[in-house]
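Now for the letters of each chain:
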Amino acid sequence: MSNEIGESQVRYYALARQALVQALQLAQVGNGDNVLIPALICKDVVASVHTVGATPIFYEVDENLAPLDFAKFLNFKAAIAVNYFGFPQDLKIFEQQCELVGALLIEDNAHGYLSEDSSNRRLGTRAHFGIISIRKTLRIADGAQLLVNDNSIKLLPTQLTFTQLSPGLRPTLQRFLLRIQQSIRLPLLDWTRSLVRIGRILVTGKALPVSPSSAEFEEIILSAPRESSIKRIKQLDEHAEVERRRALYAKVDSVLTKCEVSPIFASLPHGCVPYGYPFYASARNAKSAEMLVKHLGVEVIHWPDLPESVIDLAPNHYKEVWLVNFL
Ligand SMILES: Cc1ncc(COP(=O)(O)O)c(C=O)c1O
């Protein structure tokens, strides 16, 4: 790549979409610039691109979630490569194309805190910029990182002052219920989730939250995470969390051989710390899968809420992605 990748400089934000806005600003992406993003993506990433005034250009991904026809893109200022569910994306074609057109590469590692590729490189450190949504790995109200790995960028904005807000009712309650669940072996967290889903069906008609179409045009304002979230990130026993996630992946994999779902990835690569267990299934089969893994204290979610500009032409596999969430 044209600009050298070196030691990471880190800034914390409340959300990874904010870290992405900052990355785009540091890459001097603005009005009239094109940013390549995968079509299999959530609306928040699109909103970050719109926030800096740039135009998202979607590239397709195949069933292994690798880019298709990427070499055809010649007019863009930055490209985003996603490590879906913490599984390392092969960056070679992205690096080649960015080098060719003089664009910068952003590694969207929102899903992959602690994860590494087969050369033991931490995900998020392999491109000019990396973003990580740590709150998807830890039960905290907020917490995301921007990694600036491009050696030529010397001047970063100062770290926003961490807020003194309380740790947040939801993650605190979830951690509390989980602790009780583990000691008395009653699925309190499951019951609470079911109650929340019933409430949501009554109010919105859907069991899982759906972001409004306007979400992709929402202006993303940068904000700092809570000091309490940062404290929890620093206190994390990383080794234990890596082991827990990898062991859970193996367990879910063995349980789900009994139902009609297809894992997205054929195996769990060395060093990979999965966000969860991603699989393809119809809604009906995903429900059956959920029943089979429920006893492990995990939830099955559908991902992503596709952007409006993608949904009509999206291939079937984009609409059949489910995740056993290990949070
Ligand atoms: C691939 C990807 N990138 C970025 C984000 C944004 O993360 P956050 O919710 O922390 O802003 C998400 C959120 O779901 C995501 O799935």
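Up top is the structure these notes are about.
Below or above, wherever it landed, is the structure these notes cover. (Residues numbered from 1 in each chain as written. Predicted model: local features only at pLDDT ≥ 70, side-chain atom pairs only at ≥ 80, totals over all residues. Heavy atoms only, no water.)

The next point concerns the site of the ligand. The local shell around the ligand holds 15 residues, among which Arg-17, Asp-108, His-111, Ser-133 and Arg-135 are the closest. With respect to the ligand, the backbone of Ala-16 contributes an N or O atom lying 2.9 Å from an oxygen atom. At 3.2 Å from an oxygen atom of the ligand is found a side-chain nitrogen or oxygen belonging to Lys-136. For the ligand, the protein covers 96% of the area, taking 390 Å² as the surface of the free molecule. At the level of elements, helix H1 (16-26) and helix H2 (43-51) are the ones that each hand at least two residues to the shell around the ligand. Across the shell around the ligand, the residue classes break down as eight nonpolar, two polar and five charged. (Near = heavy atom within 4 Å. Polar contact = N/O pair within 3.5 Å; in protein donor to acceptor, adjacent residues only side chain to side chain. Areas by Shrake-Rupley, 256 points an atom, 1.4 Å probe, with all protein chains shown as cover. Helix = DSSP H or I, 4+ residues; strand = E, 2+ residues; numbered from the N terminus. Nonpolar A, V, L, I, M, F, W, Y, C, P; charged D, E, K, R; others polar.)

Turning our eyes to something else, we now look at the environment of Leu-178. Position of Leu-178 among the secondary structure elements: in helix H4 (residues 169-184). Setting aside anything within four residues of it in sequence, one finds Leu-178 in contact with Arg-139 and Leu-189. (Contact = heavy atoms within 4.5 Å.)

Structurally, the position occupied by Gln-22 is in helix H1. If we skip the residues at most four places from it in the chain, Gln-22 touches Tyr-13, Leu-146, Pro-157 and Leu-222.

Read from one edge to the other, the open sheet built from four strands follows the order E8-E9-E11-E10, with strand pairing classed as antiparallel. Here the strands that pair on one side only, and so sit at the sheet edges, are strand E8 (262-263) and strand E10 (299-302). Helix H8 (residues 283-293) rests against strand E9 (276-280), E10 and strand E11 (321-325) of the sheet, and its axis sits at about 160 degrees to E10. (Pairing = 2+ DSSP bridges. Axes fitted to C-alpha atoms, helices over the stretch in contact; angles between N-to-C directions.)

Across the interface, H1 lies against H2 with an axial gap of 9 Å and an inter-helix angle of 35 degrees. Where H1 crosses over H2, the two elements pack in a sense that is right-handed. Of the residues in H2, those in contact with Arg-17, Leu-20, Val-21 and Leu-24 of H1 are Asp-44, Val-45, Ser-48, Val-49 and Thr-51. Here the contact of H1 with H2 is built from residues that sort into five nonpolar, two polar and two charged. (Left-handed = near helix turned anticlockwise from the far one by under 90°.)

Before going further, it helps to spend a moment on the pairing of strand E2 (residues 34-38). Across the five residues of E2, five count as buried, placing the element largely inside the fold. Covered by surrounding structure in E2 are Asn-34, Leu-36 and Pro-38 together with Val-35 and Ile-37, the residues of both alternating faces. Note: E2 against strand E3 (residues 55-59), five bridges, orientation parallel. Residue pairing across strands places Asn-34 opposite Thr-55, the latter belonging to E3. (Buried < 20%, exposed > 50% of the residue type's maximum accessible area, 1.4 Å probe, protein only.)

Moving on, we get to the nonpolar core. Soluble globular proteins tend to pack their nonpolar side chains together in the buried interior. In terms of nonpolar packing, the biggest core is built from 86 residues, with Phe-85, Phe-129, Leu-256, Phe-279 and Val-324 touching the most fellow members. Per element, the largest residue contribution to this core is seven residues, and it comes from H1. Residues Tyr-12, Leu-138, Ile-233 and Val-273 belong to the second largest nonpolar core, which totals 13 residues. (Core = buried A, V, L, I, M, F, W, Y, C linked by side-chain atoms within 4.5 Å.)

The next subject is the packing of helix H7 (residues 238-256) against H8. At their nearest, the axes of H7 and H8 sit 10 Å apart, and the two run at 120 degrees to each other. In terms of axis orientation, H7 runs oblique to H8. For the crossing formed where H7 meets H8, the hand is right-handed. Here Val-252, Val-255 and Leu-256 of H7 come into contact with H8, specifically with Ala-289, Leu-292 and Val-293. Of the residues assigned to the contact of H7 with H8, the class counts are six nonpolar, no polar and no charged. (Parallel < 35°, antiparallel > 145°, perpendicular 65-115°, else oblique.)

The next point concerns the sheet that holds E2. Strand pairing in a sheet relies on backbone hydrogen bonds, with the paired strands running either antiparallel or parallel. If you walk across this open sheet you meet the seven strands as E1-E7-E6-E5-E4-E2-E3, and the pairing is mixed. With partners counted over all chains shown, the strands left at the sheet margins are strand E1 (5-13) and E3, one partner each. Direction aside, neighbouring strands of the sheet carry axes that sit 20 degrees apart on average. Here H2 sits on the sheet and contacts E2, E3, strand E4 (78-82) and strand E5 (104-108); the angle it forms with E3, its principal contact strand, is near 140 degrees.

Moving on, we get to the side chain of Ser-229. Position of Ser-229 relative to the elements: it lies in helix H6 (residues 227-235). If near-sequence neighbours (up to four positions away) are discounted, Ser-229 is found in contact with Ile-140, Ala-141 and Asp-142.

Counting through the fold element by element, Val-10 comes out in strand E1. Each C-alpha atom of the pair Val-10 and Arg-197 lies 37 Å from the other, and the pair is 187 residues apart in sequence. The residues contacting Val-10, other than those within four sequence positions of it, are Gln-145, Leu-146 and Leu-147.

On the surface, a nonpolar cluster with roughly 490 Å² of combined accessible area is contributed by Leu-195, Ile-198, Leu-202 and Val-203. Within the secondary structure layout, Leu-202 lies in helix H5 (residues 188-204). (Patch = residues over 30% accessible without salt bridge, like charges linked within 9 Å, V, L, I, M, F, W, Y side chains within 5 Å. Salt bridge = Lys/Arg side-chain N within 4 Å of Asp/Glu carboxyl O.)

In this section: the packing of aromatic side chains. Enumeration according to the criterion identifies 13 aromatic pairs in this entry. Geometrically, the ring pair formed by Tyr-84 and Trp-303 is edge-to-face, given 6.0 Å between the ring centres and 70 degrees between the ring planes. With a gap of 219 residues between them, Tyr-84 in the loop between E4 and helix H3 (92-101) and Trp-303 in the loop between E10 and helix H9 (308-311) connect regions that are remote in the sequence. By way of ring pairs, the aromatic residues Tyr-59, Phe-70, Phe-73, Phe-76 and Phe-94 are connected into one cluster. (Phe/Tyr/Trp six-rings, centres within 6.5 Å; stacked < 30°, edge-to-face > 60°.)

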